[in-house]
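Architecture at a glance
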Amino acid sequence: MSHTCITEAPEAVGYDELLDRSFRRSYDEGRDIWSDEPAMEVCVQRLLARLPQRGAVLDVGAGRGRDAVALLGAGHRVDAVDLVATDDWAAIAKRWHGQTAFIEGDVLAVRLAGPYDGILDNGCLHHQHPSACKRYLAKLAAHAKPGATLVVSFFTPADGRSQGGLWQQHDGRLTQEFTEAQARALLHGAGWQALDCLAVPRASARYHYLVVTAEREMKPPSSLALATPRGGRPPTARQSRFRGGKFDGSSALHASRVVRSAKDT
Ligand SMILES: C[S@@+](CC[C@H](N)C(=O)[O-])C[C@H]1O[C@@H](n2cnc3c(N)ncnc32)[C@H](O)[C@@H]1O
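First, a word on what this report is: a plain description of the structure on this page. Being a predicted model, the structure only gives us computed values, none of them experimental.

**Considering the overall build of the protein chain**
When helices and strands are tallied, the protein chain shows seven helices and 11 strands. Out of the 265 residues in the protein chain, the part that is buried amounts to 42%. Intrachain contacts of the protein chain at a sequence separation of at least 6 include 69% that bridge at least 24 residues.

Right, here's the structure in full:
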C-alpha cells in the first residue's frame, strides 16, 4: 500500500464518497488489517475504565465491531456507526438484541441518539478531511453528556517530529498524524478537554497510535455542532439501522436538518 506525504490537503468536495469507496474496498478485499491489530485494543480498555454502569456509548467507525462487543459484554448499550456495514454486524446485533443499534452511514451525516456517557473513536477521525475534523468532534460533543468521556486513537509520528504529517494513500484516502499538542488543541477547539495521552507503539516504523482520553466540556461549541456534512453535500444521507433482525429498510433517510456553520478553521 503506497502512501505519499503531502503538504496541502486536496479539495474537500467529493472526499466523503472517496472515503466510503476506499473503506468499502478494504473490507471487500479483506485488507482491513486494523481489525486484528492487537495495539488497537488499548482504546476500548481506556473507555471501559471510565464508564458508569450500563452506560450509553457511541462507537464511531466501529468496523467489524470488535470494540462494540467488548462494550456490550460489559453491560453497556452501544450505538455503532460505520460507513460500511460488515458481515459481522448481524450476529452481534442478534446476540445483544435490544442493547445495540448498528448504523451504516457517515457519522457527520447520520442522525445520532444520545446523549452518550462515552464515545469511542478507534482509528476513524484521522481519516477525515482535515477541514472536517473540528466539525466532526463538535458533533460528537453535541451528542455527549456534560463530563462524558471520549477516547480517540490518533496516529502520531513515531520519530519524534514536532508536526504531524498528512499522508495520502494511492486511492486518495487521507491519514493525518497528530502530535500530542496538535491533538489537544484540536479537541479543545471542539468541546473536549484532553485529560491524558498514551503513546501505543505498533509495527509500523512511520507512526504509532496516540490514545487520548478527553472529557466533554460543560458547554459544547453549538455553532459547529449541527454543521453540514463535509464537501457541501446536500442534507440527505444514506443511513440504515440494524437492530438484530434486519436492516430497517430505510436506506435513504433524511439526515437531521443541517445548519451551515461558519467556515471551519
Ligand atoms: C481504521 S478503521 C477502524 C475500525 C474499528 N474502529 C477497529 O478498531 O477495528 C476506520 C473505520 O472508520 C470508518 N469510517 C471512516 N470514516 C467514517 C465516517 N465519516 N463515518 C463513519 N465511519 C467512518 C471506516 O469505514 C472504518 O471501518
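More follows now that the structure is in view.
**Considering helix H5 (residues 133-142)**
Counting buried positions over the 10 residues of H5 gives 10, a clear majority of the element. For H5, every residue scored as buried is listed here: Cys133, Lys134, Arg135, Tyr136, Leu137, Ala138, Lys139, Leu140, Ala141 and Ala142.

**Section: the sheet that holds strand E7 (residues 166-169)**
Strand order in the open sheet formed by three strands is E1-E7-E8, with antiparallel pairing between adjacent strands. A strand with exactly one partner marks an edge of an open sheet, and here the two such strands are strand E1 (3-6) and strand E8 (174-176). Pairwise comparison of adjacent strand axes, ignoring direction, gives a mean angle of 30 degrees for this sheet. Taken together, the three bridges between E7 and E8 define a ladder with antiparallel strand orientation. Looking at E8, one finds that glutamine 168 is bridged to leucine 174.

**A short note on the site of the ligand**
In the vicinity of the ligand lie 22 residues, with Phe23, Gly61, Gly63, Val107 and Gly123 positioned nearest. Of all the secondary-structure elements, those providing two or more residues to the shell around the ligand are helix H1 (15-28), helix H3 (66-73) and strand E3 (77-82).

**Some words on unusual backbone geometry**
Residue proline 115 is bonded to the preceding glycine 114 through a cis peptide linkage, with omega at 0 degrees. Along the chain, proline 115 falls in the loop between strand E4 (100-104) and strand E5 (116-122). One non-glycine residue, arginine 54, lies in positive phi territory at about 50 degrees. Within the secondary structure, arginine 54 sits in the loop between helix H2 (41-48) and strand E2 (56-60). Of the residues examined, arginine 54 has 11 C-beta atoms within 10 Å and is grouped as exposed.

**A few points about the packing of H2 against H3**
Close contact between H2 and H3 brings their axes to 10 Å; oriented N to C, the two are set at 30 degrees. Taken as axis vectors, H2 and H3 run roughly parallel relative to one another. The two elements H2 and H3 meet at a crossing, and its hand is right-handed. In contact with Cys43, Val44 and Leu48 of H2, H3 contributes Asp67, Ala70 and Leu71. Taken together, the residues of the contact of H2 with H3 break down into five nonpolar, no polar and one charged.

**Side note on H1**
Helix length check: H1, at 14 residues, gives a terminal C-alpha distance of 20 Å against a target of 20 Å (1.5 Å per residue), a fit within 8%. Along H1, the positions that sit buried rather than exposed are Tyr15, Asp16, Leu19, Phe23 and Ser26. What you see down the axis of H1 is that its buried residues fit within an arc of 100 degrees, all on one side. Among the exposed residues of H1, those oriented more than 90 degrees off its buried face are Glu17 and Asp28. Just downstream of H1, glycine 30 is the residue with a positive phi angle, here 65 degrees.

**Some points on the pairing of E2**
For E2, a buried count of five out of five residues is recorded, marking the element as mostly surrounded by other parts of the structure. Residue alternation in E2 divides its side chains into two sets, Ala56, Leu58 and Val60 and Val57 and Asp59, and both sets are buried. Taken together, the five bridges between E2 and E3 define a ladder with parallel strand orientation. Bridge pairing in E3 places alanine 56 opposite arginine 77. Each parallel crossover has a hand, and for E2 linked through H3 to E3 it is right-handed. Across four bridges, the pairing between E2 and E5 is parallel. Residue leucine 58 lies in a different strand from E5, and its bridge partner there is isoleucine 119.

**Re the nonpolar core**
Counting residues in each nonpolar core, the largest one holds 64 residues, and the members touching the most others are Ile119 and Leu137. When residues no more than four places from it in sequence are discounted, the contact partners of isoleucine 119 are Leu58, Val60, Leu140, Ala144, Ala148 and Leu150.

Rules behind the numbers
Residues numbered from 1 in each chain as written. Predicted model: local features only at pLDDT ≥ 70, side-chain atom pairs only at ≥ 80, totals over all residues. Helix = DSSP H or I, 4+ residues; strand = E, 2+ residues; numbered from the N terminus. Buried ≥ 20, exposed ≤ 12 C-beta atoms within 10 Å, placed from the backbone. Contact = placed C-beta atoms within 7 Å. Pairing = 2+ DSSP bridges. Axes fitted to C-alpha atoms, helices over the stretch in contact; angles between N-to-C directions. Near = placed C-beta within 6 Å. Parallel < 35°, antiparallel > 145°, perpendicular 65-115°, else oblique. Left-handed = near helix turned anticlockwise from the far one by under 90°. Nonpolar A, V, L, I, M, F, W, Y, C, P; charged D, E, K, R; others polar. Expected span 1.5 Å × (residues − 1). Arc of directions from axis to C-beta. Right-handed = clockwise from strand over helix to strand, strands pointing away. Core = buried A, V, L, I, M, F, W, Y, C linked by C-beta atoms within 7 Å.

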